[in-house]
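Below are the chains, spelled out letter by letter.
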Amino acid sequence: MISRLTGKLIEKNPPQIVIDVNGVGYEADVSMQTFYNLPALGETVQLYTQLVVREDAHLLFGFATADERATFRQLVKVSGIGAKTALGILSAMSADELARAVADEDIKRLSSAPGIGKKTAERMVLELRGKLVSHAAADELFAAAPAADETDDIVNTLIALGYNEREAKAAIKGIPKGTEVGEGVRLALKNLLK
């Protein structure tokens, strides 16, 4: 298996490129997202790759990032999507945009990719749900999340004990900030029993 190539970029004919690695030229198909980020001819380039073996050909696909390659690998597992169609999808949108479209069940956005109709877009949502991670969405989530403190741990402990979130949050009212988790849970349980 060829996992990654590092060498001199000697040809650029979208979507194909050729990389010279120690005198051996490797031809790879790349998405337009990757193609636009390639250096000039003669420069050194590094690509993550996926080798697809078919009855009539061995095809090498190149990706600028490991995330794009991982997304490609998930796409080709979807019934009705082959390697060329997956590359077309990744040319139409980035891996993050695709992950967001699948998470939002945006059939219109997904079916705007070349070779993808409404039925295939629906199948993509069904088969890829939870398998693609949007790093932009994850960054937003972590940026929006406040720093955890003892009250969060107390609430989570109460929820684990079987109380719902509303009950748990009501039970911690009046518990001073900075109270140790064990003591906070004891006080919250007292409040719940009143």
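Analysis parameters
Residues numbered from 1 in each chain as written. Predicted model: local features only at pLDDT ≥ 70, side-chain atom pairs only at ≥ 80, totals over all residues. Heavy atoms only, no water. Buried < 20%, exposed > 50% of the residue type's maximum accessible area, 1.4 Å probe, protein only. Helix = DSSP H or I, 4+ residues; strand = E, 2+ residues; numbered from the N terminus. Contact = heavy atoms within 4.5 Å. Phe/Tyr/Trp six-rings, centres within 6.5 Å; stacked < 30°, edge-to-face > 60°. Pairing = 2+ DSSP bridges. Polar contact = N/O pair within 3.5 Å; in protein donor to acceptor, adjacent residues only side chain to side chain. Salt bridge = Lys/Arg side-chain N within 4 Å of Asp/Glu carboxyl O.

**Student:** Explanation requested: helix 2 (residues 66-75) in the structure shown.
**Tutor:** If you check which residues of helix 2 are buried, you get Glu 68, Arg 69, Thr 71, Phe 72, Gln 74 and Leu 75. Its buried side turned inward, helix 2 meets helix 1 (32-35), strand 4 (44-53), strand 5 (58-63), helix 3 (83-92), helix 4 (95-103) and helix 6 (118-128).

**Student:** How should I be thinking about the packing of aromatic side chains in this particular structure?
**Tutor:** Here the distance between the centres and the angle between the planes together describe a pair of aromatic rings. Under the counting rule described, the total for this entry stands at three aromatic pairs. Their ring planes at 75° and their centres at 6.3 Å tell us that Phe 35 and Tyr 36 sit as a pair that is edge-to-face. Residue Phe 35 is classed as buried on the basis of its relative accessible area, which comes to 12%. Ring centres of Phe 61 and Phe 72 lie 5.2 Å apart, and the angle between their planes is 35°; this geometry places the pair in the tilted category. Here Phe 61, found in strand 5, pairs with Phe 72, found in helix 2; they are 11 residues apart in sequence, far enough to count as distant. When sorted by exposure, Phe 61 lands in the same class as Phe 72, which is buried.

**Student:** What is the right way to look at the pairing of strand 4 in this model?
**Tutor:** Consecutive side chains of a regular strand alternate in pointing toward one face of the sheet and then the other. As judged from the five bridges shared by strand 1 (residues 4-13) and strand 4, these two strands associate in the antiparallel manner. Bridge pairing in strand 4 links Thr 6 to Gln 46. The hairpin turn running from strand 4 into strand 5, its antiparallel successor, is four residues long.

**Student:** How should I be thinking about the side chain of Ser 31 in this particular structure?
**Tutor:** Along the polypeptide, Ser 31 turns up in the loop between strand 3 (24-30) and helix 1. Here Ser 31 falls in the buried class, since its relative accessible area comes to 0%. There is a polar contact of 2.5 Å between the side chain of Ser 31 and the side chain of Glu 68. Aside from chain neighbours lying at most four places away, what touches Ser 31 is Gly 62, Glu 68, Leu 87, Leu 90 and Ser 91.

**Student:** What's the story with the pattern of salt bridges in this structure? I'm lost.
**Tutor:** A pair can form between side chains of opposite charge whenever their charged atoms are brought close. What the rule picks out here adds up to seven salt bridges. With a shortest N-O distance of 3.0 Å, Glu 165 and Lys 169 are connected by a salt bridge. Note that Glu 165 and Lys 169 are positioned in helix 9 (residues 165-171) at a spacing of four residues, about one turn of the helix. Here Glu 165 falls in the partly exposed class, since its relative accessible area comes to 45%.

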